[in-house]
4 protein chains.
Amino acid sequence: MRKPIVGVMGAGEEATQQDLSQALKLGELIARQGWILLSGGRSTGVMQEVNRGAKQVEGSLTIGILPQASAAVSEFVDVAIITDLGQARNNINVLSSHVVVACGAGGAGTASEIALAIKAKQPVILLGSDESSKTFFQRLSQDKIFIAETPEQVIQIILDNHLC
Amino acid sequence: MRKPIVGVMGAGEEATQQDLSQALKLGELIARQGWILLSGGRSTGVMQEVNRGAKQVEGSLTIGILPQASAAVSEFVDVAIITDLGQARNNINVLSSHVVVACGAGGAGTASEIALAIKAKQPVILLGSDESSKTFFQRLSQDKIFIAETPEQVIQIILDNHLC
Amino acid sequence: MRKPIVGVMGAGEEATQQDLSQALKLGELIARQGWILLSGGRSTGVMQEVNRGAKQVEGSLTIGILPQASAAVSEFVDVAIITDLGQARNNINVLSSHVVVACGAGGAGTASEIALAIKAKQPVILLGSDESSKTFFQRLSQDKIFIAETPEQVIQIILDNHLC
Amino acid sequence: MRKPIVGVMGAGEEATQQDLSQALKLGELIARQGWILLSGGRSTGVMQEVNRGAKQVEGSLTIGILPQASAAVSEFVDVAIITDLGQARNNINVLSSHVVVACGAGGAGTASEIALAIKAKQPVILLGSDESSKTFFQRLSQDKIFIAETPEQVIQIILDNHLC
């Protein structure tokens, strides 16, 4: 049986300090559950911190789906998948994950991933999101959008709803 | 000199009657300007009507970017580009257009296209959009999001802001 | 009814003088038939010359499927589709064409397009190809590979076999 | 430091008995080196057997890059990346691998992967290939194509040439 994959999306250079600290904790908690972490794989922002958190746990596995061969890969990514697809790779991120977590309000890239996940009928958890994002995405999907305020709540939502 | 390309995105099966009538008019107005119309190319919803509108104008040119080879192509599409990329083709739609128009509130597919357009720093016009969409996308981009209520306003915004 | 699309593939910077002159003539002959020309769209090699040839004919239509937004587009391309997919765009080229013509022996990019066309069960015409290419691709497909020595023969093969 | 990734490509339903037995052994030998195995991930042909071989080794890691969400995934794949890109995913396979091994003569899909690997200047090892393939691909690349007759030779070539 394949281990579940949790995809974590979020801002790169524009991530806030809270986004980063929540990403770090979230990565660790995902790894402690024995789940595989999937992200955009770059060495910045939410991507960097969530992978750093996961690699604090022995036996963790982190997958990075990179937009270009030239993108700097996080040193906490175990397997780097080089797509050379630019932002079209965002669809791979959400299709390959059993559940998608948007960490922080994010920017346009994260928004595209949430929208693509809803389009693909994948469950999405918004962690620490802003009001306009919650309102907008809950209009797009009544039953697949979950709201969390802490990394611990993300894990609880996944377990309670059998998303993995 | 290549003619400008205007990309029109919007709902398929879930389009409202107002979405459809605005799409029909918008297609005609784009074609009257001598601009090329680009869309998702399927024979349903906003895609079907905007192409129908454009083909009422002699000399018009309509391009459809299809998700799969098996997708039914609108009979009003002159050139069908078969991507077999699923929703990853949405990024091609926005990169290939000089300006992206979201016709109606749209669903998750349209939302992903608006987000990808903002990510690529392309101008986006929201036509007949709902409040939650306007609020959300204006948070993502202050200076590249334009609001229109009628197809005529879309054309005026493009001309006034030299978007084509 | 949509006009047929003929895809012409071939070397960029490494094209030989014979490749270039055959591409120029081929583009003209495709356009004279009223067919749409599709190519990789860059301003070099076979792509540049085949589009130049087509645009010598009034009413012709040329589509370029570009690998990146930064690629220099041939001035003889009427519609530039920006994929940002790198070489993954090669699959779009072959899926969108009713018949694929490989002009010259070509390099690895052209070889990938011929192979992808065979995989998709599209007809392929090898124009001015070398012996190792003919032998190799005829092993991969008995009934979908055609051999031509001149641009005029390409047109004749398309007409005789109703490939468009 | 990330572990090296070896990509193994080959026929699905059309694989010969020799292709299958070589794939099984090759997967085992790759895993014994501590390298990560990457493949097209489907539960058939070379893909199935190479993953089966790798999973006979404790601590092995197998990555499958699937063309569609609907494709049957090999039960020996640890991480399934769902691309929904059809054959465009072939470019991801070769870009993500440090070295590409074509196991058996293969069909058009494998040929496209070898060509894309050469285009991307990745090293390629042809294992148990036929003469027309060797001749053709050695014309496309003088210095990046290696020839092997056994799985053991593949490993030796990788080690001798520091391809991983």
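Scroll up to find the structure.
A few points on the structure. All values derive from a computational prediction rather than experimental measurement.

1. Observations regarding the overall build of chain A
- A tally of regular secondary structure across chain A gives 6 helices and 7 strands.
- Element order for chain A, N to C, with α for helix and β for strand: β-α-β-α-β-β-α-β-α-β-α-β-α.
- The C-alpha atoms of chain A give 14 Å as radius of gyration, which agrees with the globular expectation for 164 residues (15 Å, within 12%).
- For chain A, the spread of C-alpha atoms along the principal axes amounts to about 35 × 35 × 30 Å.
- Taking all 164 residues of chain A together, the buried fraction comes to 67%.
- Contacts in chain A between residues at least 24 apart in sequence constitute 61% of all its contacts with a sequence separation of at least 6.
- In chain A, 13 side chains carry a positive charge and 16 a negative one; their mean positions are 7 Å apart.

2. Remarks on the relation of the copies chain B and chain D
- You can overlay chain B on chain D at an RMSD of 0.0 Å; the transform is a turn of 180° with a shift of 0.0 Å along its axis. In short, the pair behaves as if placed about a two-fold rotation axis. Distance from the rotation axis, computed per C-alpha, reaches its smallest value in chain B at L85 of chain B: 2.2 Å.
- Of the interface residues in chain B, 100% have counterparts in chain D that sit at the interface too, so the contact is made through matching surfaces.

3. A few points about the interface of chain B and chain D
- Residue-level contacts link 5 residues of chain B with 5 residues of chain D.
- Across the chain B-chain D interface, the total number found is 0 salt bridges.
- Our count for the contact surface shared by chain B and chain D stands at 0 residue pairs in polar contact (both at pLDDT 80 or more).
- For the side of chain B that touches chain D, a count of residues per class yields 2 nonpolar, 2 polar and 1 charged.

4. As for the nonpolar core
- Membership of the largest hydrophobic core comes to 112 residues, with the highest contact counts inside it found for I63 of chain A, I63 and F137 of chain B, I63 and F137 of chain C together with I63 and F137 of chain D.
- In contact with F137 of chain B, not counting residues within four places along its chain, are F136 of chain A together with A111, I114, A115, I118 and I145 of chain B.

5. Notes on the interface of chain B and chain A
- Facing 24 residues of chain B, the contacting portion of chain A comprises 24 residues.
- In total, about 1,800 Å² of surface goes out of reach between chain B and chain A, with carbon and sulfur atoms giving 70% of it.
- Counting across the chain B and chain A interface gives 2 salt bridges.
- Here D130 of chain A and R139 of chain B are joined by a salt bridge, their closest N and O atoms 2.8 Å apart.

6. Describing the sheet that holds strand 7 (residues 145-148) of chain B
All names here are of chain B.
- If you trace the 7 strands from one edge of the open sheet to the other, you get 4-3-2-1-5-6-7, paired in parallel fashion. A strand with exactly one partner marks an edge of an open sheet, and here the two such strands are strand 4 (79-82) and strand 7. Across the sheet, the axes of successive neighbouring strands diverge by a mean angle of 25°, strand direction being ignored.
- Pairing geometry for strand 3 (residues 62-66) and strand 4, over 4 bridges, is parallel. Its bridge partner lying in strand 4, I65 is registered against I81.
- Contacts from helix 1 (residues 17-32) reach strand 1 (5-10), strand 2 (36-39), strand 5 (99-103) and strand 6 (124-127), with the element oriented near 155° to strand 5.

7. Details of helix 6 (residues 151-160) of chain D
Residue and element names in this part refer to chain D.
- Listed as buried for helix 6 are P151, V154, I155, I157 and I158. Looking straight down helix 6, one finds its buried side chains confined to an arc of 160°; they lie on one side.
- Where the residues of helix 6 are buried, they touch strand 1 (5-10), helix 1 (17-32), strand 5 (99-103), strand 6 (124-127) and strand 7 (145-148).
- At the exit of helix 6 stands H162, carrying a positive phi of roughly 50°.

8. Looking at the packing of aromatic side chains
- One pass over the structure, following the stated rule, counts 10 aromatic pairs over all chains.
- Ring centres of F136 of chain B and F137 of chain B lie 5.1 Å apart, and the angle between their planes is 70°; this geometry places the pair in the edge-to-face category. Here the two residues F136 of chain B and F137 of chain B agree in accessibility, since each one is buried.
- Measuring from ring centre to ring centre gives 4.5 Å for F136 of chain C and F136 of chain D, while their planes differ by 10°; the resulting arrangement is stacked. Of this pair, F136 of chain C sits in helix 5 (residues 131-140) while F136 of chain D sits in helix 5 (residues 131-140), on two different chains.
- What makes F136 of chain C buried here is its relative accessible area of 1%.
- Chaining the aromatic ring pairs together yields one cluster made of F136 and F137 of chain A together with F136 and F137 of chain B.

9. Here's the deal with unusual backbone geometry
- Positive phi, close to 55°, is recorded for D84 of chain A, a residue that is not glycine.
- Along the polypeptide, D84 of chain A turns up in the loop between strand 4 (79-82) and helix 3 (90-96).
- Residue K121 of chain B is not a glycine yet carries a positive backbone phi of 60°.
- The topology assignment puts K121 of chain B in the loop between helix 4 (108-119) and strand 6.
- Among the residues examined, K121 of chain B registers a relative accessible area of 61% and is labelled exposed.

10. Let's talk about the relation of the copies chain B and chain A
- After a rotation of 180° and a shift along the axis of 0.0 Å, chain B superposes on chain A with an RMSD of 0.0 Å.
- Taken together, the interface assignments show that 100% of the residues at the interface of chain B recur at the interface of chain A, consistent with an identical surface on both copies.

11. A closer look at helix 1 (residues 17-32) of chain A
Residues and elements named next belong to chain A.
- Along its 16 residues, helix 1 runs 23 Å from first to last C-alpha, staying within 8% of the 22 Å computed at 1.5 Å per residue.
- Listing the buried residues of helix 1 in full gives D19, Q22, A23, L26, G27, E28, L29, I30 and A31.
- Residues of helix 1 that are buried sit in contact with strand 1 (5-10), strand 2 (36-39), helix 2 (45-54), strand 5 (99-103), strand 6 (124-127) and helix 6 (151-160).
- Downstream of helix 1 by a residue or two, G34 has a phi angle that is positive, lying close to 85°.

12. Let's talk about the pairing of strand 7 of chain D
Residue and element names in this part refer to chain D.
- Pairing analysis gives 4 bridges linking strand 6 to strand 7, with the strands arranged parallel. Bridge pairing links L127 to A148 in strand 7.
- Taken together, strand 6, helix 5 and strand 7 constitute a β-α-β crossover, and its handedness is right-handed.

13. Side note on the sheet that holds strand 3 (residues 62-66) of chain A
Residues and elements named next belong to chain A.
- In space, the 7 strands of this open sheet follow the order 4-3-2-1-5-6-7, with parallel pairing throughout. Pairing within the sheet leaves two strands with one partner each, and these edge strands are strand 4 and strand 7 (145-148). With strand direction ignored, the average angle separating the axes of adjacent strands in the sheet is 25°.
- In the sheet, strand 1 pairs with strand 2 via 3 bridges, with the strands oriented parallel. Residue pairing in the sheet places G7 in a bridge with L38 of strand 2.
- Docked against the sheet, helix 5 (residues 131-140) engages strand 6 and strand 7, running at close to 160° with respect to strand 7.

14. Focus: the packing of helix 1 (residues 17-32) of chain C against helix 6 (residues 151-160) of chain C
All names here are of chain C.
- Axis separation between helix 1 and helix 6 bottoms out at 8 Å; the angle between their running directions is 35°. Our pair here, helix 1 against helix 6, has a crossing hand that is right-handed. Packed against helix 1, whose contacting residues are Q22, K25, L26, L29 and I30, the element helix 6 presents P151, E152, V154 and I155 at the interface.

Reading guide: rules and limits
Residue numbers run consecutively from 1 along every chain, following the written order of its sequence. Lettering for chains starts from A, numbering for ligands starts from 1, and both go in the order in which the items are written. Since the coordinates come from a predicted model, pLDDT governs what is reported: local features require at least 70, and pairs of side-chain atoms require 80 or more to be given and counted, while whole-chain, interface and lining totals use all residues. Note: side-chain values were computed over all heavy atoms of the structure, leaving out hydrogens and water. In this description a helix means any DSSP run of H or I spanning at least four residues, a strand means any run of E spanning at least two, and both kinds are numbered starting from the N terminus. Radius of gyration: C-alpha atoms only; globule rule: 2.2 Å multiplied by the number of residues to the exponent 0.38. Burial classes: relative accessible area under 20% of the type maximum marks a residue as buried, over 50% as exposed, and values in between as partly exposed (1.4 Å probe, protein chains only). Here a residue-residue contact requires only that any non-hydrogen atoms of the pair lie within 4.5 Å. For the purpose of counting charges, residues Lys and Arg are taken to be positive, whereas Asp and Glu are taken to be negative. His and the chain ends are not included. Just so you know, the charge point we use is NZ for Lys, CZ for Arg, CG for Asp and CD for Glu. Fitting of the copies onto one another was done by least squares over C-alpha atoms, counting residues only where both copies have pLDDT of at least 70. Salt bridge, as used here, is a side-chain nitrogen of Lys or Arg placed within 4 Å of a carboxyl oxygen of Asp or Glu. Polar contacts here mean pairs of N or O atoms no more than 3.5 Å apart (in protein, one a potential hydrogen donor and the other a potential acceptor; neighbouring residues in sequence count only if both atoms are side-chain atoms). Only Asp, Glu, Lys and Arg are considered charged in this grouping, and only Ala, Val, Leu, Ile, Met, Phe, Trp, Tyr, Cys and Pro are considered nonpolar; every other residue, Gly among them, is considered polar. Think of a nonpolar core as a cluster: buried Ala, Val, Leu, Ile, Met, Phe, Trp, Tyr and Cys residues, connected wherever their side-chain atoms sit within 4.5 Å. Note on terms: buried area is the combined drop in 1.4 Å-probe accessible area of two parts once they are placed together, counting the loss on both. The criterion for strand pairing is that DSSP finds at least two bridges linking the strands in question. Where helices are involved, their axes are fitted lines through C-alpha atoms of the stretch in contact, as for all axes, and angles between N-to-C directions lie from 0 to 180°. In this context, the arc is that of the directions from the helix axis out to the C-beta atoms. Only Phe, Tyr and Trp rings are paired, with Trp represented by its six-membered ring, and only when their centres lie within 6.5 Å; those with planes under 30 degrees apart are stacked, over 60 edge-to-face, the remainder tilted. In this analysis, the expected span of each helix is defined as 1.5 Å times one less than the number of residues it contains. Crossovers are described as right-handed under a simple rule: with the strands pointing away from the observer, the path leading from the first strand over the helix to the second runs clockwise. Here is the rule for handedness: rotate from the far helix to the near one, and if that takes an anticlockwise turn smaller than a right angle the crossing is left-handed, while a clockwise turn gives right-handed.

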